[in-house]
Amino acid sequence: MFFILQTDPYQSKREQMVKTQIVARGISNREVIEAMLKVERHKLVPENMRANAYSDSPLPIGGGQTISQPYIVAYMTDILRPKPGMTVLEVGTGSGYQAAVLAEIVKEVYTIEIVAQLGLRAEKALKAMGYDNIHVKIGDGYQGWPEKGPFDAIIVTAAAQKIPPPLIAQLNEGGRMIIPVGPSGGAQQLMLVEKSKGKTKITKMLPVRFVPFTRDSLQHGESSTLNMH
Ligand code: SAH
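With an unreviewed UniProt entry as reference, the chain is termed Protein-L-isoaspartate O-methyltransferase, source organism Rhodonellum psychrophilum GCM71 = DSM 17998. Heading Sequence similarities (unreviewed entry) of the UniProt record for the chain holds this comment: "Belongs to the methyltransferase superfamily. L-isoaspartyl/D-aspartyl protein methyltransferase family." Regarding the chain, the relevant UniProt record gives this comment under Subcellular location (unreviewed entry): "Cytoplasm".

**Section: the UniProt feature "active site" (unreviewed entry) in the chain**
In the UniProt entry, the feature "active site" (unreviewed entry) is given for S68. Along the chain, S68 turns up in the loop between strand 2 (65-67) and helix 3 (70-79). On the accessibility criterion, S68 (18% relative accessible area) is buried. Residues in contact with S68, not counting those within four places in the same chain, are R41, P58, V73 and F210.

**With respect to the pattern of salt bridges**
Where side chains of opposite charge bring their charged atoms close, a pairing between them can arise. By the definition in use, this model includes 7 salt bridges. Between K38 and E104 there is a salt bridge; the shortest N-O distance is 3.2 Å. Taken together, the positions of K38 in helix 2 (residues 30-38) and E104 in the loop between helix 4 (97-103) and strand 4 (108-113) put the pair 66 residues apart, joining distant regions of the chain. By relative accessible area, which is 55% here, K38 ends up exposed.

**Some thoughts on helix 5 (residues 116-128)**
The end-to-end C-alpha distance of helix 5 is 18 Å, a good match for the 18 Å that 13 residues give at a rise of 1.5 Å each. Contacts from the buried residues of helix 5 go to strand 1 (59-62), strand 2, helix 4, strand 4 and strand 5 (134-138). Immediately beyond the C-terminal end of helix 5, within one or two residues, lies G130, with a positive phi of roughly 95 degrees.

**Let's talk about the nonpolar core**
Core analysis: the biggest nonpolar cluster contains 52 residues, and M36, Y97 and I134 have the highest contact counts within it. Sort the elements by how many residues they give to this core and helix 3 lands first, with 7 residues. Formed by 21 residues, the second largest nonpolar core is a distinct cluster that contains V91, F151, I168 and V181.

**Some remarks on the site of the ligand**
Taken together, 26 residues sit near the ligand, with S95, E113, D140, G141 and T214 positioned nearest. Between the ligand and Q98 there is a distance of 3.0 Å, counted from an oxygen atom to a backbone nitrogen or oxygen. Measuring from a nitrogen atom of the ligand, one finds a backbone N or O atom of G141 at 2.8 Å. Taken by itself the ligand offers 580 Å² of open surface, and the protein chains cover 99% of this. Among the elements of the structure, strand 2, strand 3 (87-91), helix 4 and strand 4 are those that each provide at least two residues to the shell around the ligand. Among the elements that take part in the shell around the ligand, strand 2 stands out by supplying 3 residues, more than any other. Split by residue class, the shell around the ligand holds 11 nonpolar, 12 polar and 3 charged.

**Section: unusual backbone geometry**
Residue P150 follows G149 across a cis peptide bond; omega there is 0 degrees. Residue position: P150 is located in the loop between strand 5 and strand 6 (151-156). In this structure, R81 is a non-glycine residue whose phi angle is positive, near 50 degrees. Within the fold, R81 resides in the loop between helix 3 and strand 3. Even without being glycine, K197 reaches a positive phi, approximately 50 degrees. Note that K197 resides in the loop between strand 8 (188-196) and strand 9 (199-208).

Definitions and limits used
Residues numbered from 1 in each chain as written. Predicted model: local features only at pLDDT ≥ 70, side-chain atom pairs only at ≥ 80, totals over all residues. Heavy atoms only, no water. UniProt positions renumbered as here; feature names shortened; annotations may be inferred. Helix = DSSP H or I, 4+ residues; strand = E, 2+ residues; numbered from the N terminus. Buried < 20%, exposed > 50% of the residue type's maximum accessible area, 1.4 Å probe, protein only. Contact = heavy atoms within 4.5 Å. Salt bridge = Lys/Arg side-chain N within 4 Å of Asp/Glu carboxyl O. Expected span 1.5 Å × (residues − 1). Core = buried A, V, L, I, M, F, W, Y, C linked by side-chain atoms within 4.5 Å. Near = heavy atom within 4 Å. Polar contact = N/O pair within 3.5 Å; in protein donor to acceptor, adjacent residues only side chain to side chain. Areas by Shrake-Rupley, 256 points an atom, 1.4 Å probe, with all protein chains shown as cover. Nonpolar A, V, L, I, M, F, W, Y, C, P; charged D, E, K, R; others polar.

What follows is the structure, encoded as structure tokens:
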């Protein structure tokens, strides 16, 4: 008889990531911290990137796209003030990591990805990890997902030139949206959009650098190869 001790070899890396990159930088939201201790980030990055899955940087995920730096995921999630009963929209599924972090906290996550091969890959990986409250759609997130809205919170993870009006329209009363705004490769700012009593308030939060928000699926991902298993 053999007794095999089941341990997650990435658990200590995850704990280090949360301690040094997230808590040390001032994120104190319990739910965000717990979610990030739990989500197996290494299962959502390409296999050749796994050793770096918990490092303090964004990583390439194929198709010229990136999975955001863990601190940015924590920061944006915290700003949304996620709560268990909420329904959240994400634009820019990418690897699926941000969707998984949200899905640990809220009720339902609807996420849209314009690069089909990325979206399908993320959907498959998330299913295999047991997330049945994440719904992936392939398409242009500019129009949001009106059939499933309005949403309690919206997160956009690609930098737009301006805030898409359909997304503001799909935000619930009291809802919050976080979105990077600015030119591709240039000075971008994370903006917080708050909707309250019919008014929309916009606040500049943090300088950032995100991949661009695109409007044409044929521009991206066609010539790239994905290397995930
Ligand atoms: N949230 C992701 C980060 C993805 S990077 C993660 O956790 O890994 C941004 C993603 O936005 C890219 O995959 C890009 O293809 C996608 N994207 C860009 N413009 C988009 C649009 N108009 N609609 C939907 N997705 C878009």
